[in-house]
Amino acid sequence: MVFLAPATVIYSVFMVYPLLDSLRRSFFDDDGNFAGLDNYNTLFGNPTFADRFWDALGHNFQFFAFHMVLQNPIGLLLAVLLTVQSVRGLNIYRTIVFLPTTLSVVIVGFIWRLILSPIWGVTETVGIDTPLLGESRTVLPTLSLISVWQWVGIPMIFFYAVLIAIPKDLIEASRVDGAGSWQVFRDITFPLILPMLGIISILTYIGNFNAFDLIYQVKGVVAGPDFASDIMGTFFYRTFFGASGTTGSPAMGATVASVMFLIILAGVLLYMFGWQRRVTTYEL
Amino acid sequence: MDTATSAPAPPDRISPTKRRIHLGRWGVHAVLLAYSLLALGPTLLIIMNSLKSRSAIFDDAFSLPTSETFDLVGYDTVLNGSSFDVYFRNSFIVTVASVLLVVFFSAMAAFALAEYDFKGNTMLALYLAIGIMIPIRLGTVSILKLMVSLGLINTLWALILVYTAMGLPLGVFLMTQFMRQVPRELKSAARVDGANEYRVFGLVLPLVRPGMAAVAVFTMLPVWNDLWFPLILAPAEDTRTVTLGASAFLGQFERNWNALLAALTLAMVPIILLYVIFSRQFLRGLTEGAIK
């Protein structure tokens, strides 16, 4: 099939093959000898790996929680406000709210690094006198908030797309029946956006494992202070390439990637079977 | 106006529901305005201070540059000490090439998937869709080995191929949804007139323009903003993308605040301008893709 060939070939060679080959490599050592589960034993049994792994995974879930609790509800709220009828200038707000999402993570990371830097002292003016990015207690929540600030446009635009597709007659009909704003939201809007809520949650979950860029930009691959901002992405990078004195190992890198693959797969399956099957999607 | 309590009820008094909506409108404005400030503030703070002298940056970060504090020293440093033009060119080539390849190849594959009933159609669609759920970064170890053996390290081709593979799953999925909406009669009519399949494809393409726009928008942002693959596959000075270039460049000026702020502004402003100019089309593309 001429039409299918280019897409299938490029996808297979540069995505599917590397993913499968990575899985295979996790069962071999760096010299290419079959090693069985040795790499996995090292990852979970050797404290220098295992401690970092569990730390990073825990941080990943905290990072995810911040996005679920803040980014997605704020995105929904903004989308609802942006679809209120008879308010002028909504397009301008929509453009502004989405703006940070178009900036590169490098820029966003640096903007906030400068703003939160105690040297500049901008944060002192608003009453914050701890170096938010410098203390292990505050660094991860701060980075999560920066990420929320940047990416809130995505759930906003996704919810927005669903909301503007809801026929106006449907809402007017229930208004005529005497339903208030809250009732309309609960009985009509909410069931209609529920499937999108699932899609956004799973996208947030997957995106979370790609959050390397921000941490690398703001804290470097060692994800300081004292690994307090280390997530799976930075851990994977360090394991593969090595950092500050330690040498990297492709085999161990592939092993970390394979474990991440399983964690993501678990989330996707949970979504497909635990959520998608139970939530009704209404055709409008 | 506080007429509710003080003034005697005029005959044409606004009904209570109407007033609630009216108050609600200001509430909507207040919340959106507050959030807009939060979204824009940090960016404006950087741009504003990039135009000020060093002492003014630190003395009063929140004031606008005045004739006394206006200073372009940061821009001098940046423009004389970097190859941002090369980085921009690289990013532009990589992004445009990847987006074009993704859009065109997805359209072709989607046309076949939506049009022909062949054995394994569903399986192939599913195979292509798996990639939506799995980050391509997990295959980095093997991608690096593959690129080394193909001799593509430190070439823009390495990035273009990886980004095309990365964008295709979602692209094919979205395009298939759009292709299905093209009326069947149109295609059969063309076939009756003796058009071959390539001709039919050519006829269908203009009809799925919104789909192609959506795919382009969805592919563009992650490619332009990616730091991971440029860092690993093309870190050489002359193949750096803006994202990687800015990252390395900003690192050099750790102590020079004028240069930092100027470099950030230079890296931001073109994107912001492009975005503001095309925001209507851009957001429409996202919106149309999102509900598929």
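Residues numbered from 1 in each chain as written. Chains lettered and ligands numbered in written order. Predicted model: local features only at pLDDT ≥ 70, side-chain atom pairs only at ≥ 80, totals over all residues. Heavy atoms only, no water.

Asks: Please provide a residue-by-residue account of the overall build of chain B, values included.
Replies: Scanning chain B from terminus to terminus reveals 13 helices and 0 strands. Ordered by position from the N terminus, the helices and strands of chain B form the series α-α-α-α-α-α-α-α-α-α-α-α-α. Considering chain B as a whole, with its 292 residues, one finds that 50% of them fall into the buried category. For chain B, restricting intrachain contacts to residue pairs at least 6 apart in sequence, the fraction spanning at least 24 positions comes to 73%. Summed over its atoms, the accessible surface of chain B is roughly 14300 Å², and 66% of this surface lies on carbon and sulfur atoms. (Helix = DSSP H or I, 4+ residues; strand = E, 2+ residues; numbered from the N terminus. Buried < 20%, exposed > 50% of the residue type's maximum accessible area, 1.4 Å probe, protein only. Contact = heavy atoms within 4.5 Å. Areas by Shrake-Rupley, 256 points an atom, 1.4 Å probe, with all protein chains shown as cover.)

Asks: With reference to specific residues and values, describe unusual backbone geometry.
Replies: A positive phi is found at Asn154(B), a non-glycine position, where the angle reads about 60 degrees. Secondary-structure assignment places Asn154(B) in the loop between α6 (140-150) and α7 (156-180).

Asks: Any chance you could break down empty space enclosed by the protein for me, citing the residues and the numbers?
Replies: Rolled over the atoms, a probe as big as a water molecule pinpoints where empty space is left. One pass over the full model with this rule turns up 3 cavities of 30 Å³ or more. Of the pockets and cavities examined, the largest cavity occupies roughly 60 Å³. Lining the largest cavity are Phe209(A), Asn210(A), Phe212(A), Gly233(A), Phe236(A), Met260(A), Pro135(B), Arg137(B), Leu138(B) and Trp228(B). A per-class count over the lining of the largest cavity returns 7 nonpolar, 2 polar and 1 charged. (1 Å grid on protein atoms, 1.4 Å probe; cavity = no way out; pocket = protein on both sides within 12 Å on 5 of 7 lines; lining within 4 Å. Points joined across faces, edges and corners; volume = space filled by probe spheres on them. Nonpolar A, V, L, I, M, F, W, Y, C, P; charged D, E, K, R; others polar.)

Asks: Lay out the packing of aromatic side chains with the relevant residues and their values.
Replies: The description of an aromatic ring pair uses the distance of the two centres, along with the angle that the planes make with each other. Considering all chains together, one arrives at 20 aromatic pairs over all chains under this definition. Between Phe88(B) and Trp224(B) the ring centres are 6.3 Å apart and the planes differ by 45 degrees, which places this aromatic pair in the tilted class. Taken together, the positions of Phe88(B) in helix α4 (residues 84-115) and Trp224(B) in helix α10 (residues 209-225) put the pair 136 residues apart, joining distant regions of the chain. The exposure class assigned to Trp224(B) is buried, which follows from its relative accessible area of 16%. Its guanidinium or amino end placed over the ring of Phe110(A), Arg113(A) lies 4.7 Å from that ring's centre, counting from NZ or CZ. (Phe/Tyr/Trp six-rings, centres within 6.5 Å; stacked < 30°, edge-to-face > 60°. Lys NZ or Arg CZ within 6 Å of the ring centre and 35° of its normal.)

Asks: Just give me the short version of a nonpolar patch on the surface, but keep the residues and values in it.
Replies: On the surface, Leu262(A), Leu265(A), Leu269(A), Met272(A) and Phe273(A) cluster together into a nonpolar patch covering about 430 Å² of accessible area. Residue position: Leu262(A) is located in helix α13 (residues 250-276). (Patch = residues over 30% accessible without salt bridge, like charges linked within 9 Å, V, L, I, M, F, W, Y side chains within 5 Å. Salt bridge = Lys/Arg side-chain N within 4 Å of Asp/Glu carboxyl O.)

Asks: Quick rundown of the side chain of His59(A)? Include the residues and the values.
Replies: Take His59(A): it is sitting in helix α3 (residues 47-82). Apart from the residues within four sequence positions on either side, His59(A) is in contact with Leu140(A), Phe227(A), Ala228(A), Ser229(A), Asp230(A) and Ile231(A).

Asks: Give a detailed account of the nonpolar core, specifying residues and quantitative values.
Replies: Residues and elements named next belong to chain B. Grouped together as the largest cluster of nonpolar side chains are 184 residues, with contacts concentrated most on Met179 and Leu233. Looking at this core element by element, the count peaks at 16 residues for helix α13 (residues 257-290). Sequence-distant contacts of methionine 179, that is, excluding residues within four places in its chain, are made with Ala107, Ala110, Phe111, Ala114, Lys187, Phe201, Val204 and Val208. (Core = buried A, V, L, I, M, F, W, Y, C linked by side-chain atoms within 4.5 Å.)

Asks: How would you summarise the environment of Asn256(B) if you had to cite specific residues and measurements?
Replies: All names here are of chain B. Locating asparagine 256 in the fold gives a position in the loop between α12 (242-252) and α13. Relative accessible area serves as the criterion here: at 26%, asparagine 256 is assigned to the partly exposed category. Residues asparagine 256 and threonine 77, spaced 179 residues apart in sequence, show a C-alpha to C-alpha distance of 9.4 Å.

Asks: Please set out the interface of chain B and chain A residue by residue, giving values where relevant.
Replies: Each partner contributes residues to the interface: chain B has 90 residues there, and chain A has 86 residues. Taking both partners together, chain B and chain A bury about 8200 Å²; carbon and sulfur atoms supply 79% of that area. Three residues, Tyr35(B), Met133(B) and Leu138(B), lead the burial of chain B against chain A; their summed loss comes to 9% of the area buried on that side. Along the contact surface separating chain B from chain A lie 1 salt bridge. Ionic pairing is found between Arg137(B) and Asp213(A), a salt bridge with its closest N-O pair at 3.0 Å. Joining chain B to chain A, the criterion identifies 12 residue pairs in polar contact (both at pLDDT 80 or more). Considering every element that reaches the side of chain B that touches chain A, the biggest residue donor is α13(B), with 17 residues. Taken together, the residues of the side of chain B that touches chain A sort by class into 68 nonpolar, 15 polar and 7 charged. (Buried area = accessible area lost by both parts, 1.4 Å probe. Polar contact = N/O pair within 3.5 Å; in protein donor to acceptor, adjacent residues only side chain to side chain.)

Asks: Can you explain the pattern of salt bridges? Please cite residues and give values.
Replies: Residue and element names in this part refer to chain B. One pass over the structure, following the stated rule, counts 7 salt bridges over all chains. The partner of lysine 187 in a salt bridge is glutamate 115, with the nearest N and O atoms 2.8 Å apart. Of this pair, lysine 187 sits in helix α8 (residues 184-192) while glutamate 115 sits in helix α4, and the two are 72 residues apart along the sequence. The pair formed by lysine 187 and glutamate 115 is uniform in burial state, with each residue classed as buried. Arginine 191 is paired through a salt bridge with glutamate 197; the nearest N and O atoms lie 2.7 Å apart. You can call glutamate 197 partly exposed: its relative accessible area is 25%.

Asks: Explain the packing of α8(B) against helix α9 (residues 197-204) of chain B residue by residue, including any values.
Replies: Any two packed helices are characterised by the angle at which their axes cross and by the distance between the axes. All names here are of chain B. Direction vectors running N to C along α8 and α9 enclose 140 degrees, while the axes themselves pass 10 Å from each other. As α8 packs across α9, the resulting crossing turns out to be right-handed. Touching Lys187, Ala190 and Arg191 of α8 are Glu197, Val200, Leu203 and Val204, all from α9. Taken together, the residues that form the contact of α8 with α9 break down as 4 nonpolar, no polar and 3 charged. (Axes fitted to C-alpha atoms, helices over the stretch in contact; angles between N-to-C directions. Left-handed = near helix turned anticlockwise from the far one by under 90°.)

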